[in-house]
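Geometric and topological summary
Here's the letter readout for the chains.
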Amino acid sequence: MDLMLILRNLAIILVAAKLCGLLARKLKAPQVVGEIIAGLIIGPSLLNLVVKDDFISGMAEIGVILLMFSAGLGTDLKELVKTGPVALLIALSGVAVPLVGGMLVYMGFGFGTPDTRLYEGIFMGTVLAATSVSITVQALKEMGHLKGKVGTTILSAAILDDIIGIILLTVVIGFKSPDVSPVDVCIKTILFFVLAIVLGFALYFLFKWISKHWPHSRRIPIFGLVLCFAAAYCSEEFFGIADITGAYVAGLAISVSPKIEYISKRVETVSYMFLSPIFFASIGLEVVLPKMTGKIIVFSVLLCIVAVLSKVIGCGLGAKLMRYTSKESLQIGVGMISRGEVALIVASKG
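Overview of the structure. Since the structure is predicted, the reported quantities are computational estimates derived from the model, not experimental observations. (Residues numbered from 1 in each chain as written. Predicted model: local features only at pLDDT ≥ 70, side-chain atom pairs only at ≥ 80, totals over all residues. Heavy atoms only, no water.)

Here's the deal with the overall build of the protein chain
Scanning the protein chain for helices and strands turns up 15 helices and zero strands. Relative to a compact globule of 350 residues, whose C-alpha radius of gyration would be 20 Å, the protein chain shows 20 Å and is just as compact. By principal-axis analysis of the C-alpha atoms, the protein chain measures approximately 60 × 60 × 50 Å. Counting all 350 residues of the protein chain, 47% fall into the buried class. At a minimum sequence separation of 6, the contacts of the protein chain that also span at least 24 residues come to 77%. As displayed, the protein chain has an accessible area near 17,800 Å², and 72% of this comes from carbon and sulfur atoms. Of the side chains in the protein chain, 29 bear a positive and 22 a negative charge, and the two mean positions are spaced by 10 Å. (Helix = DSSP H or I, 4+ residues; strand = E, 2+ residues; numbered from the N terminus. Rg over C-alpha atoms; globule rule 2.2 N^0.38 Å. Buried < 20%, exposed > 50% of the residue type's maximum accessible area, 1.4 Å probe, protein only. Contact = heavy atoms within 4.5 Å. Areas by Shrake-Rupley, 256 points an atom, 1.4 Å probe, with all protein chains shown as cover. Lys, Arg positive; Asp, Glu negative; His and termini not counted. Charge placed at Lys NZ, Arg CZ, Asp CG, Glu CD.)

Okay, here's the thing in structure tokens:
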């Protein structure tokens, strides 16, 4: 492995990702959009300055693990429990309709082989399942509706359907091998989350003890990172669960720690300054535009339309069933449209 080539590629990726991210923010779009476009520009699609290799793939995988760990750290468990039943129904309907819609669009275009088409279609639907919490939060903040009734419901439902999306991804990945028993996959998934709940309580008291004995110590976020990587490894190695699920659960487990803000800031410094831009740029690096045939372009446009309408219909109907007004139901449906981190993570896993 050529060290000089690695250093050159990292420099190009980070500069391009940050510049395009800043430009996207100037245009009132999420930075992640700019970072993906940066990958398109410097990758095989246009300038061909950087080719995705094993090193970049490895760095991107670590980046996505830290991204999901940060998402877990930022989850408000109390708010999650408070709006649970209402948000859960909205989240479930908001996952089910896009899942079916994405599957039907994929199968309708006749991609894949007859043996794999259904599974690949379900995976395509899984990509559309999860709402982007970060984009949703930022949009609600800018409009001043984050703390209102509708805003709180949207936020809670977005968090829940991220969790559902991750679980769905885990189950779908588990079914990819014909040797895997559906019952075994479900049992392992349930066992993993049962153990995660038990360990969550233990970790709460552990981090409370660490915070008491080593206040304002860098050892606290270091222990958090150790837990993140250990959970990611164990979830995939021993339970067949996606590594990002383990990282997310690890973040949830210590999200109620007394030093959660301190841990989050230190983790975000590593993640958002270095590893996350590499992950998002790597998505763009994988795209080769000359391979975008007319059929794929039509499919992509139709999939985007289905992605928008399925969230409006699915989440809107769920809200209506929970006795929200027609206007509020429409607002909730529109508020759940945005896709981001989890959709990209699922796509990259594909």
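What follows continues from the structure just given.
Considering unusual backbone geometry
Look at Asn48: it is not a glycine, yet its phi comes out positive at around 55°. A positive phi is found at Arg323, a non-glycine position, where the angle reads about 70°. In this fold, Arg323 is placed in the loop between helix 13 (294-321) and helix 14 (326-335). Note on Arg323: relative accessible area 80%, which makes it exposed.

A look at the packing of helix 5 (residues 84-108) against helix 13
For the pair helix 5 and helix 13, the least separation of the axes is 8 Å and the interaxial angle reads 155°. With respect to helix 13, the axis of helix 5 lies roughly antiparallel. With respect to the hand of their crossing, helix 5 and helix 13 are arranged in right-handed fashion. Residues Leu89, Ile90, Ser93, Gly94, Val95, Val97, Pro98, Gly101, Gly102, Val105 and Tyr106 of helix 5 pack against Phe299, Leu302, Leu303, Val306, Ser310, Lys311, Gly314, Cys315, Gly318, Ala319 and Leu321 of helix 13. Each residue belonging to the contact of helix 5 with helix 13 can be placed in one class, and the counts come to 14 nonpolar, seven polar and one charged. (Axes fitted to C-alpha atoms, helices over the stretch in contact; angles between N-to-C directions. Parallel < 35°, antiparallel > 145°, perpendicular 65-115°, else oblique. Left-handed = near helix turned anticlockwise from the far one by under 90°. Nonpolar A, V, L, I, M, F, W, Y, C, P; charged D, E, K, R; others polar.)

Points about the environment of Lys26
The topology assignment puts Lys26 in helix 1 (residues 3-26). Expressed as a C-alpha distance, the spacing of Lys26 and Val127, which sit 101 residues apart in the sequence, is 28 Å.

Points about helix 14
Of all the positions in helix 14, only Glu328, Ser329, Ile332 and Gly333 are classed as buried. The buried residues of helix 14 occupy one face: seen down the axis, they fall within an arc of 135°. Along helix 14, exposed side chains directed more than 90 degrees from the buried face belong to Lys327 and Leu330. Its buried side turned inward, helix 14 meets helix 5, helix 8 (149-174) and helix 13. (Arc of directions from axis to C-beta.)

Remarks on the pattern of salt bridges
Here the structure, examined in full by the defined rule, presents two salt bridges. Among the ionic pairs, Glu286 bridges to Lys52, the shortest N-O distance being 2.3 Å. Highlighted residues: Glu286 in the loop between helix 12 (260-285) and helix 13 and Lys52 in the loop between helix 2 (31-42) and helix 3 (54-73), separated in sequence by 234 residues. Glu286 gets classed as partly exposed once you look at its relative accessible area, which sits at 46%. As a salt-bridge pair, Lys311 and Asp161 come within 2.7 Å of each other at their nearest N and O atoms. Here Asp161 lies in helix 8 and Lys311 lies in helix 13, a separation of 150 residues in the sequence. (Salt bridge = Lys/Arg side-chain N within 4 Å of Asp/Glu carboxyl O.)

Describing the nonpolar core
Ranked by size, the top nonpolar core spans 79 residues in total, and within it Ile13, Met68, Phe69, Phe279 and Ile332 carry the most contacts. The element best represented in this core is helix 8, accounting for 13 residues. Filtering out sequence-adjacent residues up to four positions away, Ile13 remains in contact with Ile42, Val50, Ile56, Pro277, Ile278, Ala281 and Leu285. (Core = buried A, V, L, I, M, F, W, Y, C linked by side-chain atoms within 4.5 Å.)

Digging into the packing of helix 8 against helix 11 (residues 243-253)
Between helix 8 and helix 11, whose axes approach to 9 Å, the crossing angle comes to 145°. The way helix 8 lies across helix 11 gives a crossing that is left-handed. Two secondary-structure elements touch here, helix 8 through Ile159, Ile163, Ile166, Leu169 and Thr170 and helix 11 through Ile244, Thr245 and Tyr248. Among the residues making up the contact of helix 8 with helix 11, the classes are represented as six nonpolar, two polar and no charged.

With respect to the packing of aromatic side chains
One pass over the full model with this rule turns up nine aromatic pairs. Ring geometry for Tyr106 against Phe111: centres 5.4 Å apart, planes inclined by 40°, an arrangement best described as tilted. Across the pair, exposure class does not vary: Tyr106 and Phe111 are buried alike. What makes Phe111 buried here is its relative accessible area of 18%. (Phe/Tyr/Trp six-rings, centres within 6.5 Å; stacked < 30°, edge-to-face > 60°.)

Interpretation note: all reported values are geometric properties and have no functional meaning in isolation.
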